[in-house]
Amino acid sequence: MELKLVEILVEKYLEGTSSIAEEKQLKAYFSSNEVAPHLVQYKPLFSYFNNQKEEQFTKTLPLQAKRQSYVKWISVAASVVVLLGTVHYFYNNDNSETELGTYSNPEKAFVETQKALEMLSEEVNHGVESVAILKEYDKTKKTIFK
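What counts and what doesn't
Residues numbered from 1 in each chain as written. Predicted model: local features only at pLDDT ≥ 70, side-chain atom pairs only at ≥ 80, totals over all residues. Heavy atoms only, no water. Patch = residues over 30% accessible without salt bridge, like charges linked within 9 Å, V, L, I, M, F, W, Y side chains within 5 Å. Areas by Shrake-Rupley, 256 points an atom, 1.4 Å probe, with all protein chains shown as cover. Salt bridge = Lys/Arg side-chain N within 4 Å of Asp/Glu carboxyl O. Buried < 20%, exposed > 50% of the residue type's maximum accessible area, 1.4 Å probe, protein only. Helix = DSSP H or I, 4+ residues; strand = E, 2+ residues; numbered from the N terminus. Phe/Tyr/Trp six-rings, centres within 6.5 Å; stacked < 30°, edge-to-face > 60°. pLDDT = per-residue confidence, 0-100. Polar contact = N/O pair within 3.5 Å; in protein donor to acceptor, adjacent residues only side chain to side chain. Contact = heavy atoms within 4.5 Å.

Enquirer: Honestly, a nonpolar patch on the surface in this entry has me stumped. Any pointers?
Expert: Residues Trp73, Val76, Val80 and Leu84 make up a contiguous nonpolar surface patch of about 410 Å² in total accessible area. Given the relative accessible area of 56%, Trp73 is considered exposed.

Enquirer: Where do I start with the pattern of salt bridges in this structure?
Expert: Any two side chains of opposite charge can pair, on the condition that their charged atoms come close. Under the definition given, this model contains five salt bridges. The shortest N-O distance in the salt bridge between Glu22 and Lys12 comes to 2.8 Å. With Glu22 in helix α2 (residues 20-31) and Lys12 in helix α1 (residues 3-15), this residue pair connects regions lying 10 residues apart in the sequence. Residue classification places Glu22 among the buried residues on the basis of a relative accessible area of 18%.

Enquirer: It is not clear to me how the packing of aromatic side chains should be interpreted in this structure. Could you clarify?
Expert: Any two aromatic rings considered together are summarised by their centre-to-centre distance and by the angle between their planes. Summed over the entire model, instances satisfying the criterion amount to three aromatic pairs. Between Tyr29 and Phe30, the aromatic rings sit 5.1 Å apart at their centres with planes inclined by 80°, giving edge-to-face as the arrangement. Put simply, the rings of Tyr29, Phe30 and Tyr42 touch in pairs and so form one group of aromatic residues.

Enquirer: Looking at this structure, I do not really get the confidence of the model for the protein. What am I missing?
Expert: When pLDDT is averaged along the protein, the result is 83, and 92% of the positions lie at 70 or above. The least confident element of the protein, judged by mean pLDDT, is helix α3 (residues 43-54) at 77; the most confident is helix α4 (residues 69-92) at 88.

Enquirer: I would appreciate a short explanation of the side chain of Ser18 in the present structure.
Expert: Here Ser18 lies in the loop between α1 and α2. Side-chain polar atoms of Ser18 contact the side chain of Glu23, separated by 3.1 Å. Those residues in contact with Ser18, other than ones at most four positions away along the chain, are Lys12, Tyr13 and Glu23.

Have a look at this one:
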């Protein structure tokens, strides 16, 4: 095979644009003993493919995958925990009326309501201050970027 053709084929191979027929020509060239000295560096690459063709897989493969028994026991234990948690919740959750923020004394209810509204007012005022800062920023930005 011509040296110039081999160089072109090697270049195409390295770029990934060679065809299968061209790759076969390269394999045949590099498997011979007459390889140009400046192309000797590619000989191990192509001899690797020939060596791998001859290699055989000798290990035996199991027909069924071994399923580990602890996975089954973990799933059973998780199911039991969920079941016990559900049973515990329903037996200990009596549906009697619970006092959720109800007061029998109207004065105490009024004081607690005032505390809650004052806390809400403080949070809203804090939010309004933040918006005022943003408005000032926006006004400054408009004057700079006219």
